[in-house]
Structure formats: structure tokens, C-alpha cells
Amino acid sequence: MLDKNIKVVGDCQGDACFALGRQLTIEYYECGKKVLLDKDRVEKTLLKAAKDSGATIISSSFHQFEPQGVSGVVIIAESHFTVHAWPEHDYAAVDIFTCGDNINLELAIDSMKESFKSENVVISSDQNRGIISKPLEQKKVGQIVKNSKIYPISWKKEYEKKTPWGVLTSVDIYGSDPQIIRDAKSIERFVYDLCDLIEMKRFGECQVVHFGEDEKVEGFSMTQLIETSLISGHFANASNSVYLDVFSCKFYEPRKVAEFAMSFFKGDHYKIQIALRQ
């Protein structure tokens, strides 16, 4: 399974080189809906994987971010396991570094797949670290190697590069405060505060209307025209969920919208989808 993903870096032949360590980066996509929200659960997942692999656990340290997200490290005698989790994308990035050959990496990967309830696991890199050449056999060991394309991590830079017509952000907030989402004035105030936050000029008044004879879809719907397009949302009473869309031909930071909405509606957690519309 893993051998097919190994890439040889440098120009060492046969037994001319020795690596001090091996490092894997693993992408866990489509994880369980709430698995990545709980710091303790994520920590237990990595500790279990380290134990299952045969690693010698020394210590662990994990941090819960606000409004959501977890980062952590498990120190092992052989090096480390690390993770950063994005619950809004049901995604966790894991790094395993080992300087020993006694660890069963496949068991570790499968253990985390099961604990994270991940539907899609990708081993994105498998690297030799600290390549040491034998005497008189050094060849290109000091070169800078780039084996993969670097993708953007800034939506603003991607927007400036691609110059799309607009940015669409869809935010789903779960476990919101039922009193806030059932109050039209509070929803209206949210829209006004959001427009100020992301510097959007409102066009006309905010419309907040109650819809739905069916209890499953009952709740307020909201629209607010802005000079660069539209903000809209639906507030579902049955599930205390908020479904918010912000579309604008003027750039704004999508995560700023999500985190402000999460705070305003006092949600339990959120999911976010972002699209550049051409």
C-alpha cells in the first residue's frame, strides 16, 4: 500500500544513501460530522493510532481553537504524530514522522481512518528525511527539491489571480440559539452588523419573512440587497440551523463571515463552502 507512494529524492544509487527518518502526510476527507469538533476525541484518536502502530508514546498536547478546530501533537520516542482539523470541511491533516523502523504505519493510518470515520484517505507524501550519503558518494543531496504543485491558501490571493465576477460563501450553522433565529429584529441586526464588518453597502431594507406551513421547513427567510449583489438566509426552527449565503462581486474574507455568524447566532458548529463565480 505505502510502497507505491514512495518517491526517491536526490541521485543516490543502491545502498549509497541512508535516511535518518521517514515522514508521511495523510489527508483525511469526509470525516464524521462531529468527530473533529472534540479536542479530547481527536487526541484519543492519535494516541490510539500511535499505540496501535507500536510507537513508544512519551506525551501529548492538544489545543481547541475558537469557534472550532483542533491542533495537536503526540510525542513518541521515534519522533511524532501531529494533526490539524478543520471541522467546517470535515477534514483532518495528519503528519507522521518516525526515525525507527519498528512502527507499522499502515496500522496507524487505518486506525485513524476508523476513528475519524473518514470516507476518503489520501497519502499525499511519503518522504525520506535527512538523507545521509556515504563518503565520496554525495550527489545532489543539498539541492532544493520541488515535487508537487503549491496551491493557494489565501482566498484573497486566489481572487486577485483569477479575477472572477464574484465570491459566494455558503455557511451552515448548527445548534443555534432558538430565541435569536426566531426573532426578526435580531436577524435584521445581524445583517446590518455583517454588512458593516465586511464593508458592504446595503441597498434598500432587509426583508425578513416567516415561511413554511410544514414544521420541517418553518422559519424566517431573509434577503438583503447589497450594491455588489445579495445576502440571503433561511433559519430552520425544527433543527435550529442557519443557512446563510453571501454573494458579492467585491471581495470579502469568507471565514470572517462564517465566524461572525457562528458567534452571533451562538451556534454549536458550522460548515462552509466557498466558490469563485466566473
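Because the structure is predicted, anything quoted here is derived from the model rather than measured.

**Q** Looking at this structure, I do not really get the sheet that holds strand β8 (residues 207–211). What am I missing?
**A** Sheet strands pair via backbone hydrogen bonds, and the direction of the pair is either parallel or antiparallel. What the 6 strands build is an open sheet, ordered β8-β9-β10-β11-β7-β12; its pairing is antiparallel. Two strands lie at the open edges of the sheet, namely β8 and β12 (269–277), each paired on one side alone. Sheet twist, expressed as the mean angle between neighbouring strand axes with direction ignored, is 10°. Where strand β9 (residues 219–226) and strand β10 (residues 229–236) come together, 6 bridges link them in antiparallel fashion. By the bridge assignment, isoleucine 226 is partnered in β10 with serine 229.

**Q** Can you help me understand the pattern of salt bridges in this one?
**A** Pairs can form between side chains of opposite charge whenever their charged atoms are close. Taken as a whole and judged by the stated rule, the model has 7 salt bridges. Across the salt bridge formed by arginine 22 and aspartate 126, the nearest N and O atoms sit 2.7 Å from each other. With a gap of 104 residues between them, arginine 22 in strand β1 (residues 17–29) and aspartate 126 in strand β6 (residues 120–133) connect regions that are remote in the sequence. On the basis of relative accessibility, which here comes to 5%, the residue aspartate 126 falls in the buried class. Here lysine 39 and aspartate 40 are joined by a salt bridge, their closest N and O atoms 3.2 Å apart.

**Q** Even after reading the chapter, I still don't get the layout of surface pockets, so can you show me in this structure?
**A** To find leftover empty space, one rolls a probe the size of a water molecule over the atoms. Considered as a void within the structure, the second largest pocket measures approximately 270 Å³ in volume. The wall of the second largest pocket is formed by Phe18, Ala19, Leu20, Gly21, Arg22, Thr98, Cys99, Gly100, Asp101, Ile103, Leu105 and Asn128. A per-element tally of the lining of the second largest pocket places β1 first, with 5 residues. Across the lining of the second largest pocket, the residue classes tally to 6 nonpolar, 4 polar and 2 charged.

**Q** How should I be thinking about the nonpolar core in this particular structure?
**A** The nonpolar side chains of soluble globular proteins are, as a tendency, buried together. Grouped together as the largest cluster of nonpolar side chains are 36 residues, with contacts concentrated most on Met222, Leu244 and Phe265. Broken down by element, this core gets its largest block of residues, 6 residues, from helix α5 (residues 184–197). Other than its neighbours up to four places away in sequence, leucine 244 contacts Thr169, Ser170, Val171, Phe190, Met222, Ile231, Ser232, Gly233, Val257 and Ala261. Listed in part, the 28 residues of the second largest apolar core include Ile26, Leu36, Ala92 and Met112.

Here is what the cut-offs are and how they apply
Residues numbered from 1 in each chain as written. Predicted model: local features only at pLDDT ≥ 70, side-chain atom pairs only at ≥ 80, totals over all residues. Heavy atoms only, no water. Pairing = 2+ DSSP bridges. Helix = DSSP H or I, 4+ residues; strand = E, 2+ residues; numbered from the N terminus. Axes fitted to C-alpha atoms, helices over the stretch in contact; angles between N-to-C directions. Salt bridge = Lys/Arg side-chain N within 4 Å of Asp/Glu carboxyl O. Buried < 20%, exposed > 50% of the residue type's maximum accessible area, 1.4 Å probe, protein only. 1 Å grid on protein atoms, 1.4 Å probe; cavity = no way out; pocket = protein on both sides within 12 Å on 5 of 7 lines; lining within 4 Å. Points joined across faces, edges and corners; volume = space filled by probe spheres on them. Nonpolar A, V, L, I, M, F, W, Y, C, P; charged D, E, K, R; others polar. Core = buried A, V, L, I, M, F, W, Y, C linked by side-chain atoms within 4.5 Å. Contact = heavy atoms within 4.5 Å.

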